[in-house]
Amino acid sequence: MIGFTGGTLDRADREREDPAALAAALANPDARLLRLRALEPEVDAAGHMVWDTLDTLPAGVTPLFLGYDAGLPRFVASLDSDGSPVTRSPNLMGALAAMPAADAATYAAARSLTDWHRRHRFCANCGTPTEPIRAGWARRCPNCTTQHFPRTDPVVIMLAEHQGRVLLGRQASWAPGRYSALAGFVEVGESLEEAVRREVLEEAGVPVGTVRYVASQPWPFPSQLMLACVAEALDDAISLDTNELEDAFWATRDEVAGALARSEGVRFDAPPDYAIAYSLLAHWVTSSAP
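Every chain is numbered independently, its residues counted from 1 as its sequence is written. Totals for whole chains, interfaces and linings use all residues, but because this is a predicted model, local features are given only for residues with pLDDT of at least 70 and pairs of side-chain atoms are given and counted only at 80 or more. Derived side-chain values reflect all non-hydrogen atoms in the structure, with water molecules and hydrogen atoms excluded from consideration.

A. How the structure looks around the overall build of the protein chain. Helix and strand assignments follow DSSP, with helices taken as H or I runs no shorter than four residues and strands as E runs no shorter than two, numbered in order from the N terminus. Along its length, the protein chain carries 6 helices and 15 strands. For the protein chain, the C-alpha atoms occupy an extent of roughly 60 × 45 × 35 Å along the three principal directions. A 1.4 Å probe rolled over the protein chains alone gives each residue an accessible area, and that area as a share of the maximum for its type sets the label: buried under 20%, exposed over 50%, partly exposed in between. The buried share among the 290 residues of the protein chain stands at 46%. In the protein chain, the proportion of contacts linking residues at least 24 apart, taken out of those at least 6 apart, comes to 61%. Areas reported as accessible are Shrake-Rupley estimates using a 1.4 Å probe. Residue values count occlusion only from the protein chains shown. When the accessible area of the protein chain is evaluated, it comes to approximately 14000 Å², of which 51% is carbon and sulfur surface. The distance from the centre of the 25 positive side-chain charges to the centre of the 38 negative ones in the protein chain is 4 Å. Contacts are assigned to residue pairs with any non-hydrogen atoms lying within 4.5 Å of each other. Under this rule, positive means Lys or Arg and negative means Asp or Glu; His and the chain ends count for nothing. Here the site of a charge means atom NZ of a Lys, CZ of an Arg, CG of an Asp or CD of a Glu.

As structure tokens, then:
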């Protein structure tokens, strides 16, 4: 299963503008509040996220309604922003690697929603501080009445394929040895296929033709929709944009399979299992097998 998918939440859009239903959810003694510290979840010994009762909600903090899980209301607390960036700690990476799929999917929704609120406190139209509405799934400007909704930015992530090999690259900021699929944001006025062709050409100088969509993933850092594709490379000559990539090379099927298995002596380290890049590489190895 692709990371951050397989969620069990009923998002209950029907109740987001129903004051009576929301009041009942908040009053439900079985309602729970996700325990987050700086947007990172606390987990128990089994890797499950920890939930608190609603009486732990600090005074003056808005509860954001995630929906229902097994019929029980679930909330996350909104956070004020102090202007500092939110990073991903090594502890979070370890927690995500062990977290059950349903928990990870709920966390992705909770983190993206909370982070959106902390980064979008002012109206983009007039600059006035905005207020949460729709149980936390929108914000409204009290001055110009503009409504703002949580956004998801589309990102293409792709493997360019040429004669049984795939193009992998790495950024200088990554852990030593880590290589992955190329990726980039879809620009305005651009299709998914056009974005794939542009990004591979810009980053690696490789022209591609046919593009095949494979799968998608919500990526909550902070809020992207990853669109995984495989593209047919028309040439294998690499010309790096060193502002984007530190290195790139063509990997064989055996090299990719070894990296995914975390084998000893492999040429490169694969992405973490919960990243769609890992799933995309696994898909390519399986679908390309002779």
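B. Region of interest: the sheet that holds strand S7 (residues 131–133). Reading across the sheet, the 3 strands line up as S7-S8-S9 and stay open at both edges, with antiparallel pairing between neighbours. Each edge of the open sheet carries a strand with a single partner, namely S7 and strand S9 (147–148). A pair of strands is considered paired only if DSSP assigns at least 2 bridges between the two. Two strands pair when backbone bridges link them, and strand S8 (residues 138–140) and S9 are joined in this way by 2 bridges, in the antiparallel orientation. Pairing of Arg 140 across the sheet is with Gln 147, part of S9. Here an angle of 0 to 180 degrees is reported between the N-to-C directions of two axes, which are lines fitted to C-alpha atoms, with helices fitted over the stretch in contact. Across the sheet, helix H3 (residues 101–119) touches S7, S8 and S9, and the angle it forms with S8 is around 20°.

C. Region of the structure containing the pairing of strand S12 (residues 182–185). Burial along S12 is one-sided: Leu 182 and Gly 184 are buried, while Ala 183 and Phe 185, pointing the other way, are not. Inspection of the sheet shows strand S10 (residues 153–162) paired to S12 by 4 bridges, in the antiparallel sense. Considered in S12, the bridge of Val 156 is made with Gly 184.

D. Quick look at the sheet that holds strand S4 (residues 51–53). Overall, mixed pairing links the 4 strands, which are arranged S4-S1-S6-S5 in an open sheet. Among the strands making up the open sheet, the edge pair consists of S4 and strand S5 (63–69). Direction aside, the axes of adjacent strands within the sheet are offset by 35° on average. Pairing analysis gives 6 bridges linking S5 to strand S6 (residues 72–77), with the strands arranged antiparallel. Opposite Gly 67, over in S6, you have Arg 74 as the bridge partner. Contacts between helix H1 (residues 19–27) and the sheet are confined to S5 and S6, with S5 contributing the most and set at about 80° to the helix.

E. Up close: helix H2 (residues 90–98). Along H2, the positions that sit buried rather than exposed are Leu 92, Ala 95 and Leu 96. Along H2, the residues classed as buried sweep out an arc of 100° about the axis, all on the same side. Residues Pro 90, Ala 97 and Ala 98 are exposed on H2 and point more than 90 degrees away from its buried face. Note that the arc is computed from the directions linking the helix axis to the C-beta atoms.

F. Examining the packing of helix H5 (residues 253–260) against helix H6 (residues 276–287) more closely. Where H5 contacts H6, the two axes come as close as 10 Å, and the packing angle between them is 135°. As far as their axial angle goes, H6 and H5 are oblique. As for how H5 packs across H6, the hand of that crossing is left-handed. Here H5 contributes Arg 253, Val 256, Ala 257 and Leu 260 to the contact with H6, which in turn contributes Tyr 278, Leu 281, Ala 282, Trp 284 and Val 285. Of the residues belonging to the contact of H5 with H6, the class tally is 8 nonpolar, no polar and 1 charged. Should an angle lie under 35 degrees it is considered roughly parallel, over 145 roughly antiparallel, and from 65 to 115 roughly perpendicular; all remaining angles are considered oblique. By convention the crossing between two helices is left-handed if the near helix lies anticlockwise of the far one by an angle smaller than a right angle, and right-handed if it lies clockwise. Under the scheme applied, nonpolar residues are Ala, Val, Leu, Ile, Met, Phe, Trp, Tyr, Cys and Pro; charged residues are Asp, Glu, Lys and Arg; polar residues are all the others, including Gly.

G. Here's a closer look at the pattern of salt bridges. Criterion for a salt bridge: a side-chain nitrogen of Lys or Arg within 4 Å of a carboxyl oxygen of Asp or Glu. A full pass over the atoms with the stated rule returns 18 salt bridges. In this structure, Asp 52 and Arg 35 form a salt bridge, with 2.7 Å as the shortest nitrogen-oxygen distance. Of this pair, Asp 52 sits in strand S4 while Arg 35 sits in the loop between strand S1 (32–34) and strand S2 (36–37); the two residues are 17 residues apart in sequence, bridging distant segments of the chain. Residue Arg 198 is joined to Glu 199 by a salt bridge in which the shortest nitrogen-to-oxygen separation is 3.0 Å. For Glu 199, a relative accessible area of 8% translates into the label buried. Each of Glu 187, Glu 190, Arg 198, Glu 199 and Glu 202 takes part in a single network of salt bridges with overlapping partners.

H. Layout of the environment of Pro 218. Here Pro 218 shows up in strand S13 (residues 208–219). Along the backbone, Pro 218 and Ala 108 are 110 residues apart, and their C-alpha atoms lie at a distance of 7.2 Å. Every residue in contact with Pro 218, bar those within four places of it in the chain, is listed here: Phe 4, Thr 5, Gln 224 and Leu 225.

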